[in-house]
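A structural walkthrough
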Amino acid sequence: MNAPVLLPHTSIRVTANDMFLPVVMTFVEQSSLALGLGKPEALKMTLASEELFLHLCRVVIPNLGMINIRCACKGHVVRSDFSFPETSLNLHAFNITASPQPLETADMDQMRLILASRSVDRLKIRRKKNLLQISLIKEKKYPQALDGQKKPYPFTCRDFAIHCPTAEELKFLALLIRSFYANNKIPRFFQYPGMLVDMIRGGDYHAIIAQGPAGEIGGGIVWHLLSDKTVEVIGPYIFGDSGSSRPVLNIAASLIEACISEVGRTSAIAMICYPPESGQYDEYFEYLGHINSYSTSGVQVQRSSWFRMIHEDFGTVVWATKDIEDFLQQTYRRLFLSRDIRKVADDGETQHAHSVLSTNIDRLRYKVSLDILWPGADIEDNLSRHLQLFQKEGIRNVIFEIDSGIAWKSAIIPCLLKNGFQPIQILPYAGDGDVILFQLFPCGP
Amino acid sequence: MKQPVSFQHLAPDYIQRFEAYIPSKPDDELKRLFGCSHLFRLNNNENPLGPCLSAARMISSFVPSQASIYPSGDCWLLRQKLAEKHGMDPNQFLFGNGANEVIAFVIKAFCQKGDNIITADKTFAVYEWVAEFSGIEARRVPLKDYGFDDDEMIRVIDDHTKILFVCNPNNPTGTYWDSGKLRGFLNRINGRRIVVVDEAYCEFVEKPDFPDSMSMIAEYPNLVVFRTFSKMHALAGLRIGYLAGSSEAVDIIRRTCVVYSVNTLAQAAALAVLEDNGEHVQQTRDLVRRQKQVLTEYLANWGLQFLSGEGNFIMIRLPMSDSLAYRRLMMQGVMIRTMTGFRFPNWIRVTIALPDAMDSFMTGLNNILKT
């Protein structure tokens, strides 16, 4: 893999008391600037931090608990993580919908977490070990590529070698991808070559290219760790002449093989691939299914997903309620995955009063991913509040991820179904066990 | 809910980065999971004939009361026997709980932070793993024509290189360095680094130009040879392997050796193997030769690419993900080894076994290739 570069970070530890708000704001602003955000982006990050810190002080950690704040640059983004031990929390207030008033009558401006999310590109709430963490993520601003009219020549060489690209080669790779593929087939970062270079330098993303003897680029592939155990593959992108399919296929296969070989001895146990074209991947990947989503302009986009295991599969336990048993059986049969499906049910045992949902809002894609962090008797109301909020925010694509390796998470499946979610896909080993994706329907405009 | 506890901050970076190897579950559990009534294990290159008759007798005659007594801490009898067999000194041998343990002995003995070892990118992974979880850099040289690339291994040596690992014959490709090539390599290294030659599969090799590395130790004091009783000698379940080297090299390695790690039964069975008349080795070689012939003809009929070199295994390239092939074969009661972890995506490695197991594998492969 491309060698990761150690990146600098800053951190402070403060008491959850709003008298320290100026300290926190100054820290976040100065850190953001030092870590590479431009002035406007740093101010937005500061604004989001202000809302978040006030919310934590006044609602979440009312007993003067301690908050760790860490700002770090991950190549193309700056991230501010606010973390604290879960024991000090008013758990209910950890939901993004937390407000002093009922949602129906609440002033959205009092919902500080949602306010914070508006100023950044992504807001993530997650539980990590015995800590709860809210992350604010802001992308650096990069100039968009301005391509000339002339399309680069297709790659016609039969000889090529696989290499890690230099920064200049990465930029040329991005140009080739924009030239040979429609905009809706490629991730946004290929429109911003500088961003691509920083993503690779940041160490989370990796890239390889197929290069001819004179340095010409015939194709490329990018990948990164999506979760602790899953690698996401982006590509391969091939720049051959459509009349000479054999070299093109060879390049695609060589790039995929090199990528798989690189990942083969890492911690990843599965790869998920969203290829830009159909039909040439079944030798390496297995078809998982597709998800329809809606772009900001209302256009429906269909995204097919493929996967492969990196290691031998020794099976795993899947906790689920009987409502989705048919879906599970059919999907696992189609994928030849052996699973020990165990039933989980609400048998009336006493629960916490309040549930907590993790929210990952991706405003760039008008998408939100939900997960349950803490079970509680109010889950139905809580989920309903979240869905109302997303509707108000105009977020059309709502996915709920259930980690079927954790029994109490699967116990909320009936609640999801009741609220309009349907199981659509299984991501093998994407969590403690397989992650079952539920999509909210109807999801269109 | 239970409060999670984390000790991550106590672990060195190189341990935090390292992912634990997950061995397969017990057969009964796998059969239940995959819904199969039988299971042919063609994944670990075990010898389906079992141990030789004398070792089998030794195992079945093991007296339970011996279990309460510590074993010989340094496998004294075994070292005497090997010394006698190879005309060497008993102090030139060190035993471990499987050859995997002796890999750790050597790396711990010679490497410290900042050092590196050199091996191939597509070979037995444990050299690389032990180095990495010991905080030592593992430099991986790409195979050349599926074999270890001597020129490139020498090219990547630097001042911090301590050990070069050569798997001979190579697992999983079955290629090997002949006598001339190994000697040439050792000459070029010129005693400046430790050269480990792992001969886990040497007993399967019938080629006359395969090196007699034990006899080369006298000439090359930096040469360390690994052998195991797990493969040809079918004592994998007892975990016993050893290394041999010059007294000077072994004297250093012994300092990192955990004594008493080889149990009494393993020592007794291994001793019986060393005293065996060699008939078992010949029977195994005959079986491997015959079944390789059957399998390679079958693979050629399907037009599948394969590598059939030295050792009791064959590598096969499939037109599908190797992990999918694994699952589909498991559902038919056949367990193979996927090769993505060896950096050979879509290849599988199949152990050569008895005819019923090989038939079952070929039938299973037919089924998945047809659909």
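Here the structure is a predicted model, which is why all the values come from computation and not from measurement.

Per the secondary structure count, chain B includes 14 helices and 13 strands. The C-alpha radius of gyration of chain B comes to 21 Å, within 12% of the 21 Å expected for a compact globule of 371 residues. In terms of overall dimensions, chain B has a C-alpha envelope of 60 × 60 × 45 Å along the principal axes. The proportion of buried residues among the 371 residues of chain B is 54%. Here the contacts in chain B between residues at least 6 apart in sequence split such that 73% fall between residues at least 24 apart. A total accessible area of about 16,000 Å² is found for chain B, and carbon and sulfur atoms account for 53% of it. Mean positive and mean negative side-chain charge positions of chain B (40 and 41 charges, respectively) differ by 5 Å.

Right, let's talk about the sheet that holds strand β7 (residues 205–211) of chain A for a bit. Across the sheet, seven strands lie side by side as β6-β7-β8-β9-β10-β12-β11 (chain A); this open sheet has mixed pairing. Two strands close off the open sheet at either side, each with one partner strand: β6 (161–163) and β11 (286–294) of chain A. Neighbour-to-neighbour, the strand axes of the sheet open up by a mean angle of 25°, direction not taken into account. Relative to β7(A), β6(A) runs antiparallel, the two sharing three bridges. The residue of β7(A) that forms the bridge with A:I162 is A:A210. Along the sheet, helix α7 (residues 325–335) of chain A makes contact with β11 and β12 (300–309) of chain A, crossing β11(A) at roughly 130°. Most of the contacts of helix α13 (residues 322–330) of chain B go to β12(A), to which it runs at about 65°, and overall it touches β11 and β12 of chain A.

Once that is clear, we can look at the interface of chain B and chain A. The partner chain A presents 32 residues to the 39 residues of chain B that form the contact. Summed over both partners, the interface of chain B with chain A comes to about 3,100 Å²; 53% of that surface belongs to carbon and sulfur atoms. The interface formed by chain B and chain A holds six salt bridges in total. In this structure, A:R308 engages B:D322 in a salt bridge whose closest nitrogen and oxygen atoms are separated by 2.5 Å. Between the two partners, chain B and chain A, sit 19 residue pairs in polar contact (both at pLDDT 80 or more). At the level of secondary structure, the elements contributing two or more residues to the side of chain B that touches chain A comprise α2 (27–34), α6 (126–133), α13 and β12 (337–338) of chain B. At six residues, the largest contribution of residues to the side of chain B that touches chain A is made by α13(B). Among the residues forming the side of chain B that touches chain A, the class breakdown is 18 nonpolar, ten polar and eleven charged.

The subject of this paragraph is the side chain of A:H76. By the secondary structure assignment, A:H76 is in the loop between β2 (66–74) and β3 (77–85). Each residue touching A:H76, except ones within four places of it in the same chain, is listed here: A:K138, A:E139, A:K140, A:Y142, A:M195, A:D198, A:M199 and A:Y205.

The next subject is the domain arrangement of chain A. Residues and elements named next belong to chain A. Here chain A is partitioned into domain 1 (7–141), domain 2 (161–284) and domain 3 (315–445). Across the boundary between the two partners, domain 1 contributes six residues, which contact seven residues of domain 2. Interface area for domain 1 against domain 2, summed over the two sides, is near 530 Å², with a carbon-plus-sulfur share of 55%. When the area that domain 1 buries against domain 2 is broken down by residue, the three leading residues are K74, H76 and E139, summing to 69%. Here D204 makes a salt bridge to K74, at a shortest N to O gap of 3.2 Å. Tallied by class, the residues present in the side of domain 1 that touches domain 2 amount to one nonpolar, two polar and three charged.

Another aspect to go through is a nonpolar patch on the surface. All names here are of chain B. Nonpolar side chains collect at one region of the surface, where Y70, V259 and Y260 lie side by side and expose about 380 Å² of accessible area between them. Relative to the assigned elements, Y260 resides in the loop between α10 (247–253) and α11 (264–274). Accessibility expressed as a relative area gives 46% for Y260, which makes it partly exposed.

With that out of the way, let us pick up the confidence of the model for chain A. Keep in mind that low pLDDT regions are not for reading the predicted coordinates in detail. Summarising the model, chain A shows a mean pLDDT of 85, and 88% of its residues fall at 70 or more. Note on residues 1–5 of chain A: pLDDT is under 50 here. Beyond four places in sequence and across chains, it has 13 contacts.

What follows covers the pairing of strand β7 (residues 223–228) of chain B. Counting buried positions over the six residues of β7(B) gives six, a clear majority of the element. Along β7(B), one buried face is formed by B:L223, B:V225 and B:R227 and the opposite face, lined by B:V224, B:F226 and B:T228, is buried too.

Moving on to the packing of helix α5 (residues 99–110) of chain B against α6(B). Residue and element names in this part refer to chain B. Interaxial distance between α5 and α6 falls to 10 Å at its minimum, and their mutual angle equals 45°. Classified by the angle their axes make, α5 and α6 are oblique. The two elements α5 and α6 cross, and the hand of that crossing is right-handed. On α6, the residues touching N100, I103, A104 and I107 of α5 are V126, Y127, V130 and A131. Grouping the amino acids of the contact of α5 with α6 by side-chain chemistry returns seven nonpolar, one polar and no charged.

Before going further, it helps to spend a moment on the environment of A:V318. Residue and element names in this part refer to chain A. When you line up the elements, V318 lands in strand β13 (residues 316–320). On the basis of relative accessible area, V318 is assigned to the buried category, the value being 0%. Distance from V318 to P236, taken between C-alpha atoms, is 32 Å for residues 82 residues apart in sequence. Other than its neighbours up to four places away in sequence, V318 contacts L328, Y332, R339, D340, I341, R342, S404 and D434.

Turning next to unusual backbone geometry. All names here are of chain B. That bond from N168 to P169 is cis: its omega, 0°, falls within 30 degrees of zero. With respect to the secondary-structure elements, P169 resides in the loop between β5 (161–167) and α8 (179–189). Cis peptide bonds are those with omega within 30 degrees of zero, and the linkage from N171 to P172 qualifies with 25°. The backbone of D145 shows a phi angle near 50°, a positive value even though the residue is not glycine. With respect to the helices, strands and loops of the structure, D145 is situated in the loop between β4 (137–141) and α7 (150–155). Since its relative accessible area comes to 71%, D145 is described here as exposed. Of note in the backbone geometry, A234 takes a positive phi value of approximately 60° without being a glycine. Relative to the assigned elements, A234 resides in the loop between β7 and β8 (241–244).

This part is about the nonpolar core. Among the nonpolar cores identified, the biggest contains 83 residues, and A:I67, A:F82 and A:F400 are the most heavily contacted of them. The dominant element in this core, judged by the number of residues it contributes, is helix α2 (residues 39–60) of chain A, at nine residues. The contact partners of A:F400, leaving out residues within four places of it in the chain, are A:L357, A:L370, A:D371, A:I372, A:L383, A:I412, A:L416, A:F421, A:I436, A:L437 and A:F438. Counting 81 residues, the second largest nonpolar core, distinct from the first, contains B:M88, B:A120, B:V224 and B:V273.

All names here are of chain B. Strands sit in the order β9-β10-β13-β12 across an open sheet of four strands; the sheet is antiparallel. Pairing within the sheet leaves two strands with one partner each, and these edge strands are β9 (306–307) and β12. Relative to strand β10 (residues 313–317), β9 runs antiparallel, the two sharing two bridges. Its bridge partner being in β10, F306 is matched across the sheet by I316. In the packing of helix α12 (residues 279–302) onto the sheet, contacts are made with β9 and β10, and the angle to β10 comes to roughly 5°.

Conventions and cut-offs
Residues numbered from 1 in each chain as written. Chains lettered and ligands numbered in written order. Predicted model: local features only at pLDDT ≥ 70, side-chain atom pairs only at ≥ 80, totals over all residues. Heavy atoms only, no water. Helix = DSSP H or I, 4+ residues; strand = E, 2+ residues; numbered from the N terminus. Rg over C-alpha atoms; globule rule 2.2 N^0.38 Å. Buried < 20%, exposed > 50% of the residue type's maximum accessible area, 1.4 Å probe, protein only. Contact = heavy atoms within 4.5 Å. Areas by Shrake-Rupley, 256 points an atom, 1.4 Å probe, with all protein chains shown as cover. Lys, Arg positive; Asp, Glu negative; His and termini not counted. Charge placed at Lys NZ, Arg CZ, Asp CG, Glu CD. Pairing = 2+ DSSP bridges. Axes fitted to C-alpha atoms, helices over the stretch in contact; angles between N-to-C directions. Buried area = accessible area lost by both parts, 1.4 Å probe. Salt bridge = Lys/Arg side-chain N within 4 Å of Asp/Glu carboxyl O. Polar contact = N/O pair within 3.5 Å; in protein donor to acceptor, adjacent residues only side chain to side chain. Nonpolar A, V, L, I, M, F, W, Y, C, P; charged D, E, K, R; others polar. Domains from an automatic or database assignment. Patch = residues over 30% accessible without salt bridge, like charges linked within 9 Å, V, L, I, M, F, W, Y side chains within 5 Å. pLDDT = per-residue confidence, 0-100. Parallel < 35°, antiparallel > 145°, perpendicular 65-115°, else oblique. Left-handed = near helix turned anticlockwise from the far one by under 90°. Core = buried A, V, L, I, M, F, W, Y, C linked by side-chain atoms within 4.5 Å.

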